[in-house]
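Read off the chains here:
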Amino acid sequence: MDSSRKKSVRERSGHVAVLQENLLYIWGGFTLSASETLSLPPDELCVFNAEQDTWEIFDMNGDIPLLASGSCGCCLDGHMYIFGGCEYNWHTNEMYCVNLKDRTYTWKYLWYNSDSAPSPRDQASCWVYKGRIIYFGGYGEKLLDDYDGCNTSFIVDQASWLEDVIWGWNNEVHVYDPVKSTWQEPRMFGQVPPARASHASAVLGSKGYIYGGNQLETQMSDIHCLDLESWTWTQITPQSSAPAGRSWHTLTAVSESTVFLLGGLGAGNKAMSDSWLLDVETHTWRETDHLKKNTRLWHSACSPGDSSVVVFGGSRDFINSVFTDHCNDVLIFQLQPQSLFRICLNYMSSNATSSHFLRSQLSHLPPRLLSALQPRTLPE
């Protein structure tokens, strides 16, 4: 396992991001190189330490995934799981995992009965609940023989019909059990959302939420809740002004009753720069000014559980059906007052190098604070 320490990593969109023990893991995605879309290496893992403000890049080994863009990723029991993905018009329904705790970063291909698995797709979302991974929606392919024209769970993209294969959007729910390595498709109840892709999801307790997404040329603005115990869908009617429809955004749980919506692509291919908080108990939205005029779409957003949101990468615009101006910055939005540890760390890292008195007192700091501070104050 080789690694290199850097101040930044390559710009990208459509990547997978997960948080594990306050480390942000970034895998895959794509960028632009000489005006051409370039998939980033699937055998490379980028790790950001927010406390030390440093990146490390690790070589990965094992069963390296072939596709590294548009996959759906999550973290469960210290393992990062990825499902699906796309490159050009080739979709996959393969599943891989990597142990993030042993730091060998060895990919493992997960075998399962393909007859029970979801069809190949990308742009799906997932929830982690009670040791299982629950996937919703996405855009991908089906064999014509498997398509029932009367079934509204799959909406055909007429422009992509090719002999015995069709592409389109779905609203299917599939559950993967990593212990048994099995798939199931539970029966749904209630008001099932329309098929979509490029939506965003978050889980609060036993409820999974989805917002927005696209189907054909429509940017959706609806929000739905799935009870992960009874498999019952409910559409939420906002009791306030609400965000405009969009896709390629993020939705992140930041408290027991609040999710945070950020950026995306709106109607007319407009890159969005707004952010919102939704109270799922009162069904009210409140706009915030975290992103301000800094547009962002197909980025990632994770929460370490302290009411902050860590955003990485994404694009700033979408021109002629191409994601442009890719980013590699890390944005940390604090939705509640910062902890005393974070306040001290930020102050010391900003002032220790210029203050002889502060430098002389570093050895008296608590061990955890000193350990987090040293990489920030050491000379290059």
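The paragraphs below set out a description of the structure included in this document.

Below, the discussion takes up empty space enclosed by the protein. The final tally for this structure, using the stated rule, is one cavity of 30 Å³ or more. In this model, the largest cavity occupies a volume close to 60 Å³. Along the walls of the largest cavity sit Pro65, Leu66, Leu67, Ser71, Ile82, Phe83, Gly84, Thr92, Glu94 and Tyr96, which together make up its complete lining. Breaking the lining of the largest cavity down by element, the ones donating at least two residues are strand S10 (79-87) and strand S11 (90-99). When the residues that make up the lining of the largest cavity are grouped by side-chain class, the tally is six nonpolar, three polar and one charged.

Each aromatic ring pair is summarised here by two numbers: the centre-to-centre distance and the angle between the ring planes. Counted by the stated rule, this structure contains 27 aromatic pairs. With a centroid separation of 5.9 Å and 65 degrees between ring planes, the pair formed by Phe30 and Phe323 is classed as edge-to-face. Here Phe30, found in strand S4 (residues 30-33), pairs with Phe323, found in strand S37 (residues 322-326); they are 293 residues apart in sequence, far enough to count as distant. Here Phe30 falls in the buried class, since its relative accessible area comes to 7%. Judged by its relative accessible area of 9%, Phe323 falls in the buried class. Between the aromatic rings of Tyr96 and Tyr109, the centroid separation amounts to 5.2 Å while the plane-to-plane angle is 65 degrees, which identifies the pairing as edge-to-face. Of this pair, Tyr96 sits in strand S11 while Tyr109 sits in strand S12 (residues 106-109), placing them 13 residues apart in sequence. Here Tyr96 and Tyr109 have matching classes, each one buried.

Reading guide: rules and limits
- Per chain, the residues get numbers from 1 upward, laid out in the order the sequence is written.
- Totals for whole chains, interfaces and linings use all residues, but because this is a predicted model, local features are given only for residues with pLDDT of at least 70 and pairs of side-chain atoms are given and counted only at 80 or more.
- By convention in this description, side-chain values take in all heavy atoms of the structure and omit both hydrogens and water.
- Cavities and pockets are found on a 1 Å grid laid over the protein atoms alone: a cavity is a set of points where a 1.4 Å probe fits but cannot escape, a pocket is an open set with protein on both sides within 12 Å along at least five of seven lines, and a lining residue has an atom within 4 Å of such a point.
- Grid points are joined across faces, edges and corners, and a volume is the space filled by probe spheres set on the points.
- Numbering of helices and strands runs from the N terminus, with a helix taken as a DSSP run of H or I at least four residues long and a strand as a DSSP run of E at least two residues long.
- Gly falls in the polar group here, along with every residue not listed as nonpolar (Ala, Val, Leu, Ile, Met, Phe, Trp, Tyr, Cys, Pro) or charged (Asp, Glu, Lys, Arg).
- We call Phe, Tyr and Trp rings a pair once their centres come within 6.5 Å, taking the six-membered ring for Trp, and we label the pair stacked below 30 degrees between planes, edge-to-face above 60, and tilted otherwise.
- The buried label applies to any residue whose accessible area, calculated with a 1.4 Å probe on protein chains only, is under 20% of its type's maximum; exposed applies above 50%, and partly exposed to all values in between.

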